[in-house]
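Remarks on the overall topology
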Amino acid sequence: MGKNRYPKIVVDLKKLRHNIDRALVKCQDQGIEIAGVIKGCSGLPECARQFALAGCRFIASSRLEQLEAVRNYGVQTELMMIRIPMLSEASEVVRLADISLNSDMEVLKALDYHARLRDKTHKVILMADLGDLREGFWSKEELLSAALYVERDLHNLRLAGVGTNLGCYGAIAATPEKLNELVARAELIEAEIGRELEFISGGATSSYLRVLEGNMPRRINLLRIGEGILLARDSQELWGYDMSDMYQDAFTLQAEVIEVRDKPSHPVGEIMFDAFGNRPEYQDRGIRRRALIAIGKVDYGFPDQLIPRDKDLKILGASSDHTILDVQDCGRNYKTGDIIEFDLWYAPLVYATSSPNVDVVYI
Ligand SMILES: *Cc1c(COP(=O)(O)O)cnc(C)c1O
């Protein structure tokens, strides 16, 4: 491939580092450490290195492959596996991760077994499901008995704490009440085992909002933050928080124009199904100037989650490998070979950074 190939993601490392530093300062003020979650940029090791240099307590991902790449890149920070492990990957989890989130007894036993084989102690955080209905022990009794079992019988595991995840599936808000429930469950365990847990991990970006509002329960001391640092977009655009002290444009998607033409805005002929089996509807706005760029749904997933930097430019739609833009109202006279830039929501960032067709460059 040529050197200057498109499409590409441009990562501004200074902006990323600024975002990490801001989150760290705000959390430190409230006695909270951060696990920097890198799955949002598909584990780019250079991004992970920024989290490590800034002083995050852990580098975290849902994918072992990403943790392995980070380790091979020379990052020394402890690694956290945040998707509860598959039974089949227990041995690799112990090999690659220093700590993992867990909610299954069989997996915990397997982790203990493989930790013993490797002569290691593997740290675990037990997850409590507080209503979001993804991973986690459901009742506090179940969580407590799992904790006691790890503490007393699984000698190659270290019960490092408890955690929860909110907002990812059930879209449940990380309210102070929910997080106090987590603290209560932690304290129940502490009373039984006779020691303090090292970590009470109160969630992800959706819990970082409690830090911004200053109403985080005092004993929450670890957050696992990805989106809120990489993009800091959801907190601002969806939840209305002022995130102007962070950059929303640390990542830029660039794509190249491959055709510019005046064409009708309504397809001509009998409308059937598009490339993805949908039967679309089109608005007839007469003849408009359109630009095609060489990037498609395969590379970013959802065209409506790209944000053109040129505010006069509209995304009309996309197929697998093409994106169609209305450039009629743009001040700039686009032509073939021009580069068009986009800001991103979370999903396109994940897709684009994991697409083999999209180059990643750092500035
Ligand atoms: C993805 C994930 C996170 C980070 O989520 P963000 O919204 O990107 O901050 C934290 N914890 C778990 C368990 C996750 O799966």
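Described in the following lines is the structure provided in the data block. (Residues numbered from 1 in each chain as written. Predicted model: local features only at pLDDT ≥ 70, side-chain atom pairs only at ≥ 80, totals over all residues. Heavy atoms only, no water.)

A closer look at the overall build of the chain
Secondary structure assignment for the chain yields 12 helices and 16 strands. Counting only C-alpha atoms, the chain reaches 75 × 40 × 40 Å along its principal axes. Burial statistics for the chain: of 363 residues in total, 52% are counted as buried. Sequence separation of 24 or more characterises 66% of the internal contacts of the chain that already satisfy a separation of 6 or more. Surface exposure of the chain reaches about 16,600 Å², of which carbon and sulfur atoms provide 48%. When the 45 basic and 54 acidic side-chain charges of the chain are each reduced to a single mean position, those positions are 3 Å apart. (Helix = DSSP H or I, 4+ residues; strand = E, 2+ residues; numbered from the N terminus. Buried < 20%, exposed > 50% of the residue type's maximum accessible area, 1.4 Å probe, protein only. Contact = heavy atoms within 4.5 Å. Areas by Shrake-Rupley, 256 points an atom, 1.4 Å probe, with all protein chains shown as cover. Lys, Arg positive; Asp, Glu negative; His and termini not counted. Charge placed at Lys NZ, Arg CZ, Asp CG, Glu CD.)

What about helix 3 (residues 64-72)?
Burial in helix 3 covers these residues: L64, Q66, L67 and V70. Buried residues in helix 3, looked at end-on, bunch into an arc of 160 degrees, giving them a common side. Exposed positions of helix 3 whose direction lies more than 90 degrees from the buried face are E65 and N72. Positive backbone phi, approximately 100 degrees, marks G74, located one or two places after helix 3. (Arc of directions from axis to C-beta.)

Regarding the site of the ligand
Surrounding the ligand, one finds 13 residues, the nearest of these being K39, T205, R224, G226 and E227. Here a nitrogen atom of the ligand and a side-chain polar atom of R224 are 2.9 Å apart. Note that an oxygen atom of the ligand is positioned 2.8 Å from one of the backbone N or O atoms of G226. For the ligand, whose free accessible area comes to 390 Å², the fraction covered by protein is 92%. (Near = heavy atom within 4 Å. Polar contact = N/O pair within 3.5 Å; in protein donor to acceptor, adjacent residues only side chain to side chain.)

Some remarks on the packing of aromatic side chains
Within the structure shown, the criterion is met by 2 aromatic pairs. Ring centres of F58 and F199 lie 5.4 Å apart, and the angle between their planes is 70 degrees; on these two criteria the pair is classed as edge-to-face. Here F58, found in strand 3 (residues 58-61), pairs with F199, found in strand 8 (residues 199-201); they are 141 residues apart in sequence, far enough to count as distant. Judged by its relative accessible area of 2%, F199 falls in the buried class. (Phe/Tyr/Trp six-rings, centres within 6.5 Å; stacked < 30°, edge-to-face > 60°.)

Topic: the state of the cysteines
A full pass over the atoms with the stated rule returns 0 disulfides. Between C56, a free cysteine, and C27, which holds the nearest cysteine sulfur, the sulfur-to-sulfur gap is 9.2 Å. On the basis of relative accessible area, C56 is assigned to the buried category, the value being 6%. (Disulfide = S-S within 2.5 Å.)

Observations regarding the side chain of D132
Residue placement: D132 occurs in the loop between strand 6 (122-128) and helix 6 (140-153). At 6.0 Å, R134 is the nearest oppositely charged side chain to D132, a buried residue that forms no salt bridge. A polar contact of 3.0 Å, which involves the side chain of D132, links it to the backbone nitrogen of I172. Setting aside residues no more than four positions away along its own chain, D132 makes contact with N165, L166, G167, C168, Y169, G170, A171 and I172. (Salt bridge = Lys/Arg side-chain N within 4 Å of Asp/Glu carboxyl O.)

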